[in-house]
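An overview of the molecular structure
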Amino acid sequence: MATSTGEGAAAAPKAWTARFKELPLPLRVLFVTSFVNRAGMFVFPLLAVYLVRSKGLGTAEAGLLISVGSTGLLVGSLLSGPVCDLRGRRDALVAALVLNAVGYLGLGTLDGAPWTYALMLFVALVGMGMFGPAANTLIADLATAEQRPFSYTVSYIGNNLGMGVGPLLGGVAAAYSYHVMFAGNIVVGLLCAVVIRVWVPRDTRTGTAAPKAARGKVRLGGVHGHVLWMVLASFFYVAPLIGLEYALPLAVTTELNASAGLVGVVYTVNSIVVVGLGLQLEKRIARYPIRTLLLVAGVLWALGLAVLDIGFSLAAVLASTVVWTLGEIIASVVVPTYIADHVDEHRVGRFMALNGFVLGLARLVVPFGLGLIWENHGARPVLHTMLVTPLVGIAVFAVLRIRSSTASAPAGPAGSPDPAAPSSASASASVEAGPGPADAVRSGA
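Residues numbered from 1 in each chain as written. Predicted model: local features only at pLDDT ≥ 70, side-chain atom pairs only at ≥ 80, totals over all residues. Heavy atoms only, no water.

Bringing the overall build of the protein chain into the picture now. Along the protein chain, the regular secondary structure elements total 19 helices and zero strands. For the protein chain, with 445 residues in total, the buried portion stands at 51%. The contacts in the protein chain between residues at least 6 apart in sequence include a share of 84% that link residues at least 24 apart. Total accessible area on the protein chain is roughly 19300 Å²; 68% of this is exposed by carbon and sulfur atoms. (Helix = DSSP H or I, 4+ residues; strand = E, 2+ residues; numbered from the N terminus. Buried < 20%, exposed > 50% of the residue type's maximum accessible area, 1.4 Å probe, protein only. Contact = heavy atoms within 4.5 Å. Areas by Shrake-Rupley, 256 points an atom, 1.4 Å probe, with all protein chains shown as cover.)

So this is what it looks like as structure tokens:
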């Protein structure tokens, strides 16, 4: 994370449009295609409806098949790092989109045994799981240390906007025909793959080759151990989000006896907060230490869930959404930025993949765990459990070893640097001054 220094500190803050134009051209292409691809994800939000109404499966059977197929998200997240390392970030992004299209093509056209639907969904979600880590790795490659928080914020906002538009468009397409829904998803994904193939260079790394013995290893200790533990600890801030996706629709419709339409309002409020305050928060993130930001994110998560837990009502649902969304924004920007700032480029893909794996793991574990709690103890213990989760995260981040970003360190005398720690500033300097494809990329050629 970076703060403005020297002459830039006195200058008026740049508009986000100006900052966007300063980003390397492939990143601008990535952000636009990511938004378009997310907006074109018609199938996944309506998958259960499709399996029940079009394929004649029972609701329990459809849920089981979706759970089995969703393991593809975990596999895709783990594959993303090796593919990024072996074939490059561009090829990983293109492969992700093609796999997603192939899986949905089979899901939309095959008429076989139920297990074939789970298999095709698995293939599609392997692609979905690969895309996010590969995109985050490309941002780490091409954005300077000063640009990274802004870049990850723009990526996060674009994905949220796309996911807000996608279900609406998918619903319209499905109302006409499920074949149209699948065709739209497939065509949009393949068009995005073509655009990325044309505009993103194959090799976006600029450093010298890493020793073979050091490539790709992710250890619990060592130089990058602090990054690994942070990524694993971020589970405590991801789990409440997945928990809300599962529990909130059920709680609103069963405990409050309200319309399911209120759940849509929650997502709308979430999107408004992300779009309206995301960039404002990003401007202030660079002023504070990483640990402080993570603790604040946890406090916001806990406050939002406390409002929901203590005063569960329609008003509390909406008020809590505003609060916990702020925590979601901070954590979503800080974690990938920390990875990019502290991991050498030969391991960035692996750590971004691990970050995606944590999200996929939460999607697999949290609904099942909360479902067991709900079935045996009712709805309120589920809300209690979600509230405890960020509190555990706050405790973990309070004691975790966290390094300051070189780029965000305040001006003035500093202590002796850790010779084992990668320097974000030096890495950025090598990217800007070093030879290779990045020179053309950064100039927009």
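Below, the discussion takes up helix 11 (residues 225–233). Counting buried positions over the nine residues of helix 11 gives seven, a clear majority of the element. Within helix 11 the residues assigned to the buried category are Gly225, His226, Val227, Leu228, Met230, Val231 and Ala233. Among the structural elements, helix 12 (235–255), helix 14 (290–310), helix 15 (314–342), helix 16 (345–377) and helix 17 (379–399) are those in contact with the buried residues of helix 11.

So, about the packing of aromatic side chains. For the coordinates displayed, the defined rule picks out eight aromatic pairs. An angle of 80 degrees between the planes, with centres 6.0 Å apart, marks the rings of phenylalanine 235 and phenylalanine 236 as edge-to-face. In this structure phenylalanine 235 comes out as partly exposed when scored by relative accessible area, which is 21%. In this structure an aromatic cluster arises from ring pairing among Tyr50, Tyr104, Tyr178 and Phe182. (Phe/Tyr/Trp six-rings, centres within 6.5 Å; stacked < 30°, edge-to-face > 60°.)

Another aspect to go through is the side chain of glutamate 282. Within the fold, glutamate 282 resides in helix 13 (residues 261–285). Here arginine 19 takes part through its side chain, which lies 2.9 Å from a polar atom of the side chain of glutamate 282. Excluding anything up to four places from it in sequence, glutamate 282 contacts Arg19, Pro149, Phe150 and Thr153. (Polar contact = N/O pair within 3.5 Å; in protein donor to acceptor, adjacent residues only side chain to side chain.)

Moving on to the confidence of the model for the protein chain. A low pLDDT means the predicted coordinates there should not be read in detail. This prediction gives the protein chain a mean pLDDT of 81; 83% of its residues lie at or above 70. Looking at the elements of the protein chain, mean pLDDT is at its lowest for helix 19 (residues 437–442), recorded as 33, and at its highest for helix 14, recorded as 95. Confidence drops under pLDDT 50 across residues 1–10; counting only partners more than four residues distant or on other chains, this segment forms 21 contacts. (pLDDT = per-residue confidence, 0-100.)

Attention now moves to the environment of glycine 108. In this fold, glycine 108 is placed in helix 7 (residues 89–109). Linking glycine 108 and serine 54, residues 54 residues apart in sequence, is a C-alpha distance of 9.9 Å. Contacts of glycine 108, omitting those with residues within four sequence positions, involve Tyr50, His179 and Phe182.

On to a nonpolar patch on the surface. A cluster of nonpolar side chains, namely Val32, Phe35, Val36, Leu161, Val165, Leu169 and Val275, defines an oily patch on the protein surface of about 490 Å² accessible area. Going through the elements one at a time, helix 3 (25–39) and helix 9 (148–176) are the ones with two or more residues in the nonpolar patch. The residue valine 165 is located in helix 9 in this model. (Patch = residues over 30% accessible without salt bridge, like charges linked within 9 Å, V, L, I, M, F, W, Y side chains within 5 Å. Salt bridge = Lys/Arg side-chain N within 4 Å of Asp/Glu carboxyl O.)

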